[in-house]
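Residue strings, one per chain:
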Amino acid sequence: MRYGFTVKVIISLLILIFLTFGVGLYALITIRRTCAELYNEVDKAEKFILQENWIKAKEQSTLINNKWQKIRKEWAMLIDHREIDKMHESMMRMAAYIKLEEDDDALVECAVLKELIKHIADKDSPVIQNIF
Amino acid sequence: MVTAIRTIILYALVIVVMRIMGKRQIGQLQPFELAIAIMISELAAVPMQDTGIPLINGMIPILTLLLAQITLSFLSIKSIKARSIISGKPRILINNGKINEHNLRLEMYTVNDLMEQLRIKDICNIEDVEYAILETNGQLSVLPKYSKSPVKAEDLKLPEKKQILPVDIIIDGKILYENLSQAGISIESLRNILRTKGINNISEVFFAGINSDGNFFAQTRDLPHGEGNN
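A brief report on the enclosed structure follows. (Residues numbered from 1 in each chain as written. Chains lettered and ligands numbered in written order. Predicted model: local features only at pLDDT ≥ 70, side-chain atom pairs only at ≥ 80, totals over all residues. Heavy atoms only, no water.)

## A word on the overall build of chain A
Within chain A, the regular secondary structure consists of five helices and zero strands. In chain A, the succession of α and β elements from N to C terminus is α-α-α-α-α. Looking at chain A alone, contacts between residues at least 24 apart form 67% of all its contacts between residues at least 6 apart. Of the roughly 8,300 Å² of accessible surface on chain A, 63% is carried by carbon and sulfur atoms. (Helix = DSSP H or I, 4+ residues; strand = E, 2+ residues; numbered from the N terminus. Contact = heavy atoms within 4.5 Å. Areas by Shrake-Rupley, 256 points an atom, 1.4 Å probe, with all protein chains shown as cover.)

Shown next as structure tokens:
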């Protein structure tokens, strides 16, 4: 009887550990993966703008936008919606500047976007700075 | 709409968590349990009203607290040493009618607090107290001196009377069949008992049960004239 109780409690604890840390880990991995993807794509767009290759930059902008629409849905369950809104605004601004071929503004927006992506990726990392 | 759905989800989660944590959560809280209860209510309230925060950000901390609570409770059950560290130890505040100042100071309990607690327990003089123990949940247990203890049936040498477990049989016109069989009464005999009390229909009964003396008690629903049966 007593032994059965101990086993039950240990099993419940293991399920809870699996649930809390499992969900946390899933969120962390998903955010990191999607952030890396977005960062690389924005980086590519930045390079095309610097080369003034507007055709490639516009193609890249469309690609980023398509990816963003998918990632946005995934993020909605994991990240503060205000952060997502900020990213979305920046993303839209960057697309507009690329469309208008405004290299200075587009480059500034790329830099802002990269910083926002880095911030989101770092925000939930299990490091001392984030814990305290 | 979204807020309402989120509220229902979080409310359900908090109810489940509080149920898993055990009945002690509602009544006598240990210090660590009180801390967890306060934190859970706060954690659930924030994502409830702020739709910008993902639901998961509210659910993970609640589940983590549940994890911590079960771990501490489990340790408390398994080890006496852990129990005394987590919940503390009961401390004697009055020993043989004399206040233990050292323990009073350790518990940051003032003489006024002590007197107040004694008065709540109908004791006005410290010298009437044999022992007063401050329990780990903050309640004061008082053992009065023998001469000041309430008289018991045993002291008066009254014949022993067996007390039985009171059972509710009908609530709001509905028979509780499990309790009925526990009391060893068939539906037919229940109807007969009710008939002797002038009740012909079970749906008329507001409450019926067997009290600790073994007597059947029944009360009908309020009639327009406020009549009832006993």
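Let's pick the thread back up.
## Structural notes on the packing of helix α2 (residues 31-49) of chain B against helix α3 (residues 55-78) of chain B
Residues and elements named next belong to chain B. Interhelical geometry of α2 versus α3 gives an angle of 170° and a closest axis separation of 9 Å. If you check the angle between α2 and α3, you find them roughly antiparallel. On the side of α2, the interface is formed by Phe32, Glu33, Ile36, Met39, Ile40, Leu43, Ala44 and Pro47, while α3 contributes Gly58, Pro61, Ile62, Leu65, Gln69, Leu72 and Ser73. Residue classes in the contact of α2 with α3 are distributed as 11 nonpolar, three polar and one charged. (Axes fitted to C-alpha atoms, helices over the stretch in contact; angles between N-to-C directions. Parallel < 35°, antiparallel > 145°, perpendicular 65-115°, else oblique. Nonpolar A, V, L, I, M, F, W, Y, C, P; charged D, E, K, R; others polar.)

## Quick word on the sheet that holds strand β6 (residues 174-175) of chain B
Residues and elements named next belong to chain B. Taking strand neighbours across the sheet as the criterion, the four strands line up as β6-β5-β7-β8 in an open arrangement whose pairing is antiparallel. Among the strands making up the open sheet, the edge pair consists of β6 and β8 (216-220). When strand β5 (residues 167-171) meets β6, the two strands line up antiparallel, connected through two bridges. Pairing of isoleucine 170 across the sheet is with isoleucine 175, part of β6. (Pairing = 2+ DSSP bridges.)

## What to know about the nonpolar core
Counting 28 residues, the largest nonpolar core has Leu38, Trp68, Trp75 and Met87 of chain A as its most contacted members. Those elements giving two or more residues to this core turn out to be α1 (2-50), α2 (54-76), α3 (81-99) and α4 (103-123) of chain A. Here this core takes eight residues from α1 of chain A, the largest share from any one element. Setting aside anything within four residues of it in sequence, one finds tryptophan 68 of chain A in contact with Leu38, Trp75, Ile84, Met87, His88 and Met91 of chain A. Counting 19 residues, the second-largest nonpolar core is a separate cluster that includes Leu16 of chain A together with Val14, Ile36 and Leu66 of chain B. (Core = buried A, V, L, I, M, F, W, Y, C linked by side-chain atoms within 4.5 Å. Buried < 20%, exposed > 50% of the residue type's maximum accessible area, 1.4 Å probe, protein only.)

## Focus on the interface of chain A and chain B
With 18 residues of chain A at the contact, the number on the chain B side is 17 residues. Buried area between chain A and chain B, both sides added, is near 1,400 Å², and the carbon and sulfur share of it is 75%. Ranking the residues of chain A by area buried against chain B places Leu13, Leu16 and Thr20 of chain A at the top, with a combined share of 32%. The interface formed by chain A and chain B includes one salt bridge. Between arginine 82 of chain A and aspartate 50 of chain B there is a salt bridge, with its nearest N and O atoms 2.9 Å apart. Where chain A touches chain B, the interface holds four residue pairs in polar contact (both at pLDDT 80 or more). (Buried area = accessible area lost by both parts, 1.4 Å probe. Salt bridge = Lys/Arg side-chain N within 4 Å of Asp/Glu carboxyl O. Polar contact = N/O pair within 3.5 Å; in protein donor to acceptor, adjacent residues only side chain to side chain.)

## Details of the packing of aromatic side chains
Applying the stated criterion across every chain, the model contains two aromatic pairs over all chains. Note on tryptophan 68 of chain A and tryptophan 75 of chain A: the rings are 5.6 Å apart at their centroids and 80° apart in plane angle, and the pair reads as edge-to-face. Note on accessibility: tryptophan 68 of chain A and tryptophan 75 of chain A belong to one class, buried. When the centroid spacing of 6.1 Å and the interplanar angle of 45° are considered together, the rings of phenylalanine 207 of chain B and phenylalanine 217 of chain B count as tilted. You can see phenylalanine 207 of chain B sitting in strand β7 (residues 205-210) and its partner phenylalanine 217 of chain B sitting in strand β8, a full 10 residues away along the chain. (Phe/Tyr/Trp six-rings, centres within 6.5 Å; stacked < 30°, edge-to-face > 60°.)

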